[in-house]
Amino acid sequence: MLITSETFLKVRYAETDQMGVVHHSNYVQYIELARIDWLSQLGISYKTMEANGIMLPVYTIDFKFKKSAYFDDELIVKTSLKKIPTAKISFDFEIFNTKGELLTTASSTLVFMDSVTKKPIPCPQYLIEKIKKY
């Protein structure tokens, strides 16, 4: 892995079922928050990227659920860049509770896309330069 960051989240009541277990659909939001936080920790604003005409739609996403997360749990999402991006950028995620138990693993690949033409584009050079510093 090239660059890893940690994002801290707290499970909200609305994300759980009547048993207090986090519904699987919420994990997409968790890794989305972690990916944007990863960029932020690298010094890149996703909002600015979009304002400059770059979008990152999801190409693939995969989850493996090992243990449940519950209402009011504090979660740590470890986000790791798999390799230097090209027209795609790929991440691995691990979600832990504060006991250090691995709850979920995930991976996602996104495509750099021009917001006007809706065509794939190369990763912006400024992002590659930031990554290479690590």
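Residues numbered from 1 in each chain as written. Predicted model: local features only at pLDDT ≥ 70, side-chain atom pairs only at ≥ 80, totals over all residues. Heavy atoms only, no water.

Some words on the packing of aromatic side chains
Piece 1. One pass over the structure, following the stated rule, counts six aromatic pairs.
Piece 2. Plain terms: the ring middles of Tyr27 and Tyr30 are 5.4 Å apart, the flat faces sit at 70° to each other, and that makes the pair edge-to-face. Of this pair, Tyr27 and Tyr30 both sit in helix 1 (residues 26–41), separated by three residues, roughly a single helical turn.
Piece 3. On the basis of relative accessible area, Tyr27 is assigned to the buried category, the value being 3%.
Piece 4. Residue classification places Tyr30 among the buried residues on the basis of a relative accessible area of 3%.
Piece 5. Look at Phe63 and Phe65: their rings are 5.6 Å apart centre to centre, the planes differ by 10°, and that puts the pair in the stacked class. (Phe/Tyr/Trp six-rings, centres within 6.5 Å; stacked < 30°, edge-to-face > 60°. Helix = DSSP H or I, 4+ residues; strand = E, 2+ residues; numbered from the N terminus. Buried < 20%, exposed > 50% of the residue type's maximum accessible area, 1.4 Å probe, protein only.)

Some remarks on a nonpolar patch on the surface
Piece 1. Residues Val28, Val58 and Ile61 make up a contiguous nonpolar surface patch of roughly 230 Å² in combined accessible area.
Piece 2. Along the chain, Val28 falls in helix 1.
Piece 3. The class of Val28 is partly exposed, set by a relative accessible area of 40%. (Patch = residues over 30% accessible without salt bridge, like charges linked within 9 Å, V, L, I, M, F, W, Y side chains within 5 Å. Areas by Shrake-Rupley, 256 points an atom, 1.4 Å probe, with all protein chains shown as cover. Salt bridge = Lys/Arg side-chain N within 4 Å of Asp/Glu carboxyl O.)

With respect to the nonpolar core
Piece 1. Core analysis: the largest hydrophobic core is formed by 33 residues, its most contacted members being Tyr30, Trp38, Met49, Ile89 and Leu127.
Piece 2. Elements supplying a minimum of two residues to this core: helix 1, helix 2 (46–51), strand 4 (74–81), strand 5 (88–97), strand 6 (102–111) and helix 3 (125–132).
Piece 3. The element that contributes the greatest number of residues to this core is helix 1, accounting for six residues.
Piece 4. Beyond its immediate sequence surroundings of up to four residues, Met49 is in contact with Leu39, Ile44, Ile54, Leu56, Tyr126 and Leu127. (Core = buried A, V, L, I, M, F, W, Y, C linked by side-chain atoms within 4.5 Å. Contact = heavy atoms within 4.5 Å.)

Digging into the pattern of salt bridges
Piece 1. Within the structure shown, the criterion is met by seven salt bridges.
Piece 2. In this structure, the salt-bridge partner of Glu32 is Arg35, at a minimum N-O distance of 2.7 Å. With Glu32 and Arg35 both in helix 1, this residue pair falls three residues apart, about one helical turn.
Piece 3. Relative accessible area serves as the criterion here: at 3%, Arg35 is assigned to the buried category.
Piece 4. Between Asp92 and Lys82 there is a salt bridge, with its nearest N and O atoms 3.5 Å apart. On the criterion of sequence distance, the pair formed by Asp92 in strand 5 and Lys82 in the loop between strand 4 and strand 5 is long-range, its members being ten residues apart.

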